[in-house]
Amino acid sequence: MCGIAGTASTLTPDPGLVRRMCDVIVHRGPDGAGYHHDEHASLGMRRLAIIDVATGDQPVRNEDGTVVAVFNGEIYNYPELRDELVAKGHRLRGRGDSETLVHLYEEHGADLVHRLRGMFAFAIWDRTRQRLLLARDRVGKKPLYWRADGPSLHFASELKSLAQDPGMSRDIDLVALHHYLTYQYVPAPWSIYEGVRKIPPGHLLVWEGGRVTVRRYWQPDRTAGGPVDEREAEERARELLLESTRIRMVSERPVGAFLSGGIDSSAVVAAMAMQSSGRVKTFSIGFEDSRYDERSKARLVAEHYGTDHHEMVVSGDMLDILPRLAWHFDEPFADSSAIPSFYVAQLSRRHVTVALNGDGGDECFGGYQRYALMNQAGRIPMLPRGLAAVSARVGDLVTRRSHGRSLPRRLGRLMQFAAEHPSRRYATLMSCFKPEQKFDLYSDPLRERLAGTDSRLLLEKAFRRSTASTDLGRILDVDLLTYLPGDLLVKVDISTMANSLEARSPFLDHHLLEWAARLPDRLHVRGGHTKMLLKRAVAPWLPPELLTFPKQGFGVPLAAWLRGELRDLAHDVLTDDTARSRGLFRPHAVRDLLRRHAGGADHSARLWALLQFELWHRAHAEPSGLVGVEAGCSRTGV
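Below, the structure is looked at part by part.

### Re the overall build of the chain
And step 1. A tally of regular secondary structure across the chain gives 27 helices and 22 strands.
And step 2. Every one of the 638 residues in the chain was classed for burial, and the buried ones make up 60%.
And step 3. When contacts within the chain are restricted to residue pairs at least 6 apart in sequence, those whose partners lie at least 24 apart make up 72%.
And step 4. For the chain, the accessible surface area stands at approximately 24600 Å², while carbon and sulfur atoms represent 51% of it.

Pasting the structure below:
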């Protein structure tokens, strides 16, 4: 397989397991980039070799072989952990981060997760206790799938690896599909396959005596802190960002950065440049459509810091990448910015093996315009039930007949919001298909099967579980626990790993996240302005004009593509015999959606979600699919 891949793993109380786990090989790419990999035991995760390239083979074990671990990711505080463990008498054979896991487990058991600073998915087998521990990092940078099968438990860092087991069903989890059509991704703990689950971010799983327990070990505390001096807060934000960037620049491989031209990636590049002995390598993606092209902003930063800057333009004629994306994404995934993400990863990998990015800045410091919209909507009192229904209907009509960021569209959304509780408002705002749109699309059997299943409850529950005392704080929590790990981090992890590139995100350092979580709302959003504190904190680092540009996002001209270069593909894939044979969607409803989009209405997000599901299904869920096979890649190595 190309890029990072998890090898399906099965653990049973087998006394020979630990011996088999120790048969380790390293696959190496044509450029010498290694993949620490356990082939013989079929246990573990293929991990791009960045730290301790020479001796970082996996699995790793303690001195007597009773505790064994496999690991995907990076632990940034491993030097301190190693020193601490050596001082306590542990003997470490290598000099990297993986081996710290088994010895930390000996010291702290499952609580070792609280000592780790970084991104990770790992498995630890305790032979003495016949106990398996699986854990995923706090914000979900690295994926981890599992399924129980009688006396065995299977796990992998890629779903396609689990699917290599002939005993695993390829049946679609219809509730997961239902959630996907709402959010454009399959949210944890669901996976698209029945019987397979994802470990949610900030959770760990313990399998012992045939019993599985999953529990949360981390969630940011959003209870209000004490009085905040804004100047001191600005200085602290700079200090934390500089430190989190510095520790993510440590690598035995070349390091660069994605530079979109937004505040977050620009701040990361600035922090890198201030702490680098050489020129920082930066990479940007643009479009022929100027509405989606931020290269001019990226160049301002590149010129300001004299970076070694590289660009690529994505056009409609490059969309033959879609089948390849369908193969790499283990589940249906409908965020169209996966296209430029894949290309910027491909561009970057020609020059570096590690790329820093600005992911998490919006969730950490309140950067999305929807936060300002929700803040303003929070001043609107809840309407009486009868009036709320009228307001919702009129608002929906106005929104559907307006476009972009026009005033009528904003007014329509405010009318919709006035009819709902803040948690439902936000869930509606984040929905691709609204409930009635999904049920209009579904076949009769699917409609009957999913009756009463409300996908919006996922966000509403996250909203209510938050420790924040304000709606804005709760919304920040919702995005940190759902949209960020389910959409943004999946997109970046898959896109980069597919290109043998490792992505690192300084804004997602948990020290920075936990500090920002306790800031008052006014330092995040004020009036119609977002990311108030961060913009002031990094203003001394950036060209002044960069701070005045409106937030653009990493969008693509999807509506135009689906009326142009992709029109025939979408029509053919969504209406052919193969698609109709699934019995999931009503054919005339799909054709009507295509017709209305071609006629000028914008249904691009919904059509894209359907198209990505169908492309994924053909690549993965069918016996003749492409699981394990990709053009130019073998099944067993790189």
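### Side note on the nonpolar core
As a rule of thumb, soluble globular proteins bury nonpolar side chains together.
And step 1. One finds Phe122 and Phe585 to be the most contacted residues of the largest nonpolar core, which totals 158 residues.
And step 2. Sort the elements by how many residues they give to this core and helix H27 (residues 604–621) lands first, with 10 residues.
And step 3. Those residues in contact with Phe585 that lie beyond four places of it in its chain are Leu177, Leu181, Leu441, Tyr442, Ser443, Leu446, Val590, Leu610 and Phe613.
And step 4. Membership of the second largest hydrophobic core comes to 13 residues, among which are Trp125, Trp146, Leu205 and Trp207.

### Remarks on helix H5 (residues 174–183)
And step 1. Burial analysis of H5 places nine of its 10 residues in the buried class, which makes it a mostly covered element.
And step 2. Those residues of H5 that fall on the buried side of the exposure criterion are Val175, Ala176, Leu177, His178, His179, Tyr180, Leu181, Thr182 and Tyr183.
And step 3. Check the buried side of H5 and you find it contacts helix H16 (435–441), helix H17 (444–450), helix H18 (457–465) and H27.
And step 4. Just downstream of H5, Gln184 is the residue with a positive phi angle, here 75°.

### Here we look at the sheet that holds strand E8 (residues 67–75)
One key point about sheets: their strands pair by backbone hydrogen bonds, in either a parallel or an antiparallel sense.
And step 1. The strand order across the open sheet built from six strands is E7-E8-E9-E10-E14-E15, with neighbouring strands paired in antiparallel fashion. Lying at the two open borders of the sheet, with one neighbouring strand each, are strand E7 (60–61) and strand E15 (211–216).
And step 2. Relative to strand E10 (residues 131–136), strand E9 (residues 118–126) is paired through six bridges, and the arrangement is antiparallel. Of the residues in E10, the one forming a bridge with Asp126 is Arg131.

### Some details on the environment of Arg567
And step 1. Checked against the element boundaries, Arg567 lands in helix H24 (residues 567–575).
And step 2. Arg567 sits 30 residues away from His597 along the chain, and the two C-alpha atoms are 9.9 Å apart.
And step 3. If we skip the residues at most four places from it in the chain, Arg567 touches Trp561, Leu562 and Ala598.

### Considering the packing of aromatic side chains
Given two aromatic rings, their pairing is described by the distance between the two centres and the angle made by the two planes.
And step 1. Inspection of every chain in the model, using the stated rule, returns 14 aromatic pairs.
And step 2. Ring centres of Tyr368 and Tyr483 lie 6.0 Å apart, and the angle between their planes is 75°; on these two criteria the pair is classed as edge-to-face. Of this pair, Tyr368 sits in the loop between helix H11 (361–365) and helix H12 (369–377) while Tyr483 is found in helix H20 (residues 483–497), placing the two residues 115 residues apart along the sequence. A single burial state applies to Tyr368 and to Tyr483, both of which are buried.

### Let's talk about the environment of Ala123
And step 1. Tracing the backbone through its elements, the reader meets Ala123 in strand E9.
And step 2. On the accessibility criterion, Ala123 (4% relative accessible area) is buried.
And step 3. Separated by 54 residues in sequence, Ala123 and Ala69 have C-alpha atoms that sit 5.5 Å apart.

### Quick look at helix H7 (residues 263–275)
And step 1. Taking 1.5 Å of rise per residue, the 13 residues of H7 would be expected to cover 18 Å, and the 18 Å separating its terminal C-alpha atoms lies within 8% of that figure.
And step 2. Among all positions of H7, only Ile263, Asp264, Ser265, Ser266, Ala267, Val268, Val269, Ala270, Ala271 and Met272 are buried.

### Things to note about the sheet that holds strand E17 (residues 281–287)
And step 1. With parallel pairing, the five strands of this open sheet are ordered in space as E18-E17-E16-E19-E20. Pairing within the sheet leaves two strands with one partner each, and these edge strands are strand E18 (308–314) and strand E20 (502–504). This sheet shows a mean twist of 30° between the axes of neighbouring strands, independent of strand direction.

### Comments concerning the packing of helix H2 (residues 78–87) against helix H3 (residues 100–108)
And step 1. Taken N-terminus to C-terminus, the directions of H2 and H3 make an angle of 55°; their axes are 10 Å apart at the nearest point. With respect to H3, the element H2 is oriented oblique. The hand of the H2/H3 crossing is left-handed. Taken together, the residues of H3 that come into contact with H2 (itself represented by Tyr78, Leu81, Arg82, Glu84 and Leu85) are Thr100, His103, Leu104, Glu107 and His108.
And step 2. Looking at the contact of H2 with H3 residue by residue, the class counts come to four nonpolar, three polar and three charged.

### Concerning a nonpolar patch on the surface
And step 1. A cluster of nonpolar side chains, contributed by Leu387, Val390 and Val394, occupies part of the molecular surface with about 230 Å² of accessible area.
And step 2. Its location among the elements puts Val394 in helix H13 (residues 385–401).
And step 3. Given a relative accessible area of 36%, Val394 falls into the partly exposed group.

### Remarks on the packing of helix H15 (residues 422–429) against H18
And step 1. Orientation of H15 relative to H18, taken along the N-to-C sense of each, is 135°, at an axis distance of 9 Å. The orientation of H15 relative to H18 falls into the category oblique. For the crossing formed where H15 meets H18, the hand is right-handed. Residues Pro422, Ser423, Arg424, Tyr426 and Ala427 of H15 form the contact with H18, whose participating residues are Leu457, Leu459, Glu460, Phe463 and Arg464.
And step 2. Its residues assigned to classes, the contact of H15 with H18 comprises six nonpolar, one polar and three charged.

### A short note on the pattern of salt bridges
And step 1. Inspection of every chain in the model, using the stated rule, returns 46 salt bridges.
And step 2. Here Glu84 ties to Arg115 by a salt bridge, and the two come within 2.7 Å at their closest N and O atoms. Of the two residues, Glu84 is situated in helix H2 and Arg115 in the loop between H3 and E9; the sequence distance between them amounts to 31 residues.
And step 3. Classification of Glu84 by relative accessible area gives partly exposed; the value is 23%.

Conventions used here
- Residues numbered from 1 in each chain as written.
- Predicted model: local features only at pLDDT ≥ 70, side-chain atom pairs only at ≥ 80, totals over all residues.
- Heavy atoms only, no water.
- Helix = DSSP H or I, 4+ residues; strand = E, 2+ residues; numbered from the N terminus.
- Buried < 20%, exposed > 50% of the residue type's maximum accessible area, 1.4 Å probe, protein only.
- Contact = heavy atoms within 4.5 Å.
- Areas by Shrake-Rupley, 256 points an atom, 1.4 Å probe, with all protein chains shown as cover.
- Core = buried A, V, L, I, M, F, W, Y, C linked by side-chain atoms within 4.5 Å.
- Pairing = 2+ DSSP bridges.
- Phe/Tyr/Trp six-rings, centres within 6.5 Å; stacked < 30°, edge-to-face > 60°.
- Expected span 1.5 Å × (residues − 1).
- Axes fitted to C-alpha atoms, helices over the stretch in contact; angles between N-to-C directions.
- Parallel < 35°, antiparallel > 145°, perpendicular 65-115°, else oblique.
- Left-handed = near helix turned anticlockwise from the far one by under 90°.
- Nonpolar A, V, L, I, M, F, W, Y, C, P; charged D, E, K, R; others polar.
- Patch = residues over 30% accessible without salt bridge, like charges linked within 9 Å, V, L, I, M, F, W, Y side chains within 5 Å.
- Salt bridge = Lys/Arg side-chain N within 4 Å of Asp/Glu carboxyl O.

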